[in-house]
Amino acid sequence: MEQASSPGQTYKIVDVCLLAGKIMLQNGGETYRVEDTMTRIAASYGLHHTHSFVTPTGIIFSVDGSDPTKLVRISTRSTDLHKVTLVNGLSRKISNGELDLQEAHRLLLKVDKANLAYPVALQIAAAAVSSGCFTIMFNGGWPDFLPAVVTGGLGFIGFLIFHRYVLIKFVAEFLASFIIGMLASLFIWTGLGQELDKIIIGSVMPIVPGLLITNAVRDLMAGHLVSGLSKGAEAFLTAFAIGAGIAVVFSFY
């Protein structure tokens, strides 16, 4: 495998490591997985004494010696586990000596720029169907299945629209849950639904931060206290925003 023999080469290796870490962190990767991937890539190219510090909003990576420490700021985060899987696959190829530095950087840039998300229509359909299924799973009746499908689908549409135009993430979740609560109340008021709580619980599930909560627990168990607590706080604020939106509806209902 190629060795880091010059400062310029070292900088390129660090750039590849940071790019891989940035892609994983932006798309739902756990903190310990990001650090482990960067360390393995660096070691594969000859940098065996590296240090990384990863938080949900940034990555700091350094190499022993006189080389400067580099920082990457993470301003936006989403969930795209396909990209995380692709980076893991590239990391394995790098560790096996199958990719040189330039090729690895090119492929990582390709993954970073790729739009691998499912079509919006498919996301909305999945959210709608899963809302109905969650309603049944939470002991709701079959008469509430279609109201939950409609409520969950329209609520998710609202979430996507608000998330695009509202800078504060929690406001989008609050407004989406408010829409869900209003629609569920409307179905009950018109007699098309039977159990308000079951419809609401099933409909809000697509916007509940399940992956964020899971990653927070896994990071805490792995000893990454800063990242674990940060993700836990973000998950708590998201859950609070969802609950607040429903509570506002209940105050009028």
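Residues numbered from 1 in each chain as written. Predicted model: local features only at pLDDT ≥ 70, side-chain atom pairs only at ≥ 80, totals over all residues. Heavy atoms only, no water.

Student: Explain the environment of A20 to me, please; I cannot follow it from the model alone.
Tutor: Take A20: it is sitting in helix α1 (residues 7–26). Among the residues examined, A20 registers a relative accessible area of 0% and is labelled buried. A sequence separation of 220 residues divides A20 from F240, and the C-alpha atoms of the two residues are 32 Å apart. When neighbours within four sequence positions are excluded, A20 is seen to be in contact with I41, V87 and L108. (Helix = DSSP H or I, 4+ residues; strand = E, 2+ residues; numbered from the N terminus. Buried < 20%, exposed > 50% of the residue type's maximum accessible area, 1.4 Å probe, protein only. Contact = heavy atoms within 4.5 Å.)

Student: Please explain the pattern of salt bridges as it appears in this structure.
Tutor: Here the idea is simple: oppositely charged side chains can pair when their charged atoms come close. On inspection of all chains with the given rule, the structure shows eleven salt bridges. Linking E234 and K169 is a salt bridge whose minimum nitrogen-to-oxygen distance equals 3.0 Å. Placement of E234 in helix α10 (residues 225–252) and of K169 in helix α7 (residues 169–189) is noted, with a sequence separation of 65 residues between them. For K169, a relative accessible area of 29% translates into the label partly exposed. Measuring nitrogen to oxygen at the nearest pair gives 3.4 Å for the salt bridge that ties D197 to K198. (Salt bridge = Lys/Arg side-chain N within 4 Å of Asp/Glu carboxyl O.)

Student: When you look at the packing of α7 against helix α8 (residues 196–204) in this model, what are you seeing that I'm missing?
Tutor: Relative orientation and spacing of two packed helices are given, respectively, by the angle between their axes and the distance between those axes. Orientation of α7 relative to α8, taken along the N-to-C sense of each, is 145°, at an axis distance of 9 Å. For the pair α7 and α8, the sense of crossing is right-handed. Contacts from I180, G181, A184, S185 and I188 of α7 reach α8 at L196, I199, I200, S203 and V204. Residue composition of the contact of α7 with α8, grouped by class: seven nonpolar, three polar and no charged. (Axes fitted to C-alpha atoms, helices over the stretch in contact; angles between N-to-C directions. Left-handed = near helix turned anticlockwise from the far one by under 90°. Nonpolar A, V, L, I, M, F, W, Y, C, P; charged D, E, K, R; others polar.)

Student: Please clarify how the packing of aromatic side chains should be interpreted in this entry.
Tutor: Two numbers describe a pair of aromatic rings. These are the distance of the centres and the angle of the planes. Tallied over the entire structure, the rule returns four aromatic pairs. With centroids separated by 5.7 Å and ring planes inclined at 45°, the aromatic side chains of W142 and F145 adopt a geometry described as tilted. Classification of W142 as exposed rests on a relative accessible area of 64%. Taking the relative accessible area as the measure of exposure, F145 reaches 21% and is therefore partly exposed. (Phe/Tyr/Trp six-rings, centres within 6.5 Å; stacked < 30°, edge-to-face > 60°.)

Student: When you look at the side chain of N27 in this model, what are you seeing that I'm missing?
Tutor: Among the structural elements, N27 can be located in the loop between α1 and α2 (31–44). Within the structure, N27 has its side chain in polar contact with the backbone oxygen of I23 (distance 2.6 Å). Excluding its chain neighbours within four sequence positions, the residues that come into contact with N27 are S78, T79, D80, L81, K83 and V84. (Polar contact = N/O pair within 3.5 Å; in protein donor to acceptor, adjacent residues only side chain to side chain.)

Student: Can you help me understand the nonpolar core in this one?
Tutor: Grouped burial of nonpolar side chains is what soluble globular proteins tend to show. Judged by nonpolar contacts, the single largest core of 32 residues is most densely connected at Y45, F61 and L108. Looking at this core, the elements that each hand over two or more residues are α1, α2, β2 (58–63), α3 (81–95) and α4 (101–113). Among the elements that take part in this core, α1 stands out by supplying ten residues, more than any other. Residues within four places of F61 in sequence aside, it is in contact with V14, C17, L18, M38, A42, T50, H51, S52, T69 and K70. (Core = buried A, V, L, I, M, F, W, Y, C linked by side-chain atoms within 4.5 Å.)

Student: So what exactly am I meant to see when it comes to the confidence of the model for the chain here?
Tutor: Atom-level detail of predicted coordinates should not be read off regions where pLDDT is low. Looking at the chain as a whole, the pLDDT averages 90, with 96% of positions reaching at least 70. Mean pLDDT values over the elements of the chain span from 88, in helix α9 (residues 210–221), up to 95, in helix α5 (residues 120–137). (pLDDT = per-residue confidence, 0-100.)

Student: What's the story with the environment of D100 in this structure? I'm lost.
Tutor: Along the chain, D100 falls in the loop between α3 and α4. With a relative accessible area of 41%, D100 lands in the partly exposed category. Sequence-wise, D100 and V72 are 28 residues apart; in three dimensions their C-alpha atoms are separated by 23 Å.

Student: What is the right way to look at a nonpolar patch on the surface in this model?
Tutor: Nonpolar side chains collect at one region of the surface, where F53, I60, L71 and V226 lie side by side and expose about 380 Å² of accessible area between them. Turning to its location among the elements, I60 is positioned in strand β2. (Patch = residues over 30% accessible without salt bridge, like charges linked within 9 Å, V, L, I, M, F, W, Y side chains within 5 Å. Areas by Shrake-Rupley, 256 points an atom, 1.4 Å probe, with all protein chains shown as cover.)

Student: What's the story with the sheet that holds strand β1 (residues 50–55) in this structure? I'm lost.
Tutor: Picture the strands of a sheet paired through backbone hydrogen bonds; they go either parallel or antiparallel. Read from one edge of the open sheet, three strands run β1-β2-β3, paired in antiparallel fashion. Looking at the sheet topology across the chains shown, the edges are occupied by β1 and β3 (70–73). Across the sheet, the mean angle separating the axes of adjacent strands is 10° when strand polarity is ignored. Pairing between β1 and β2: six bridges, direction antiparallel. (Pairing = 2+ DSSP bridges.)

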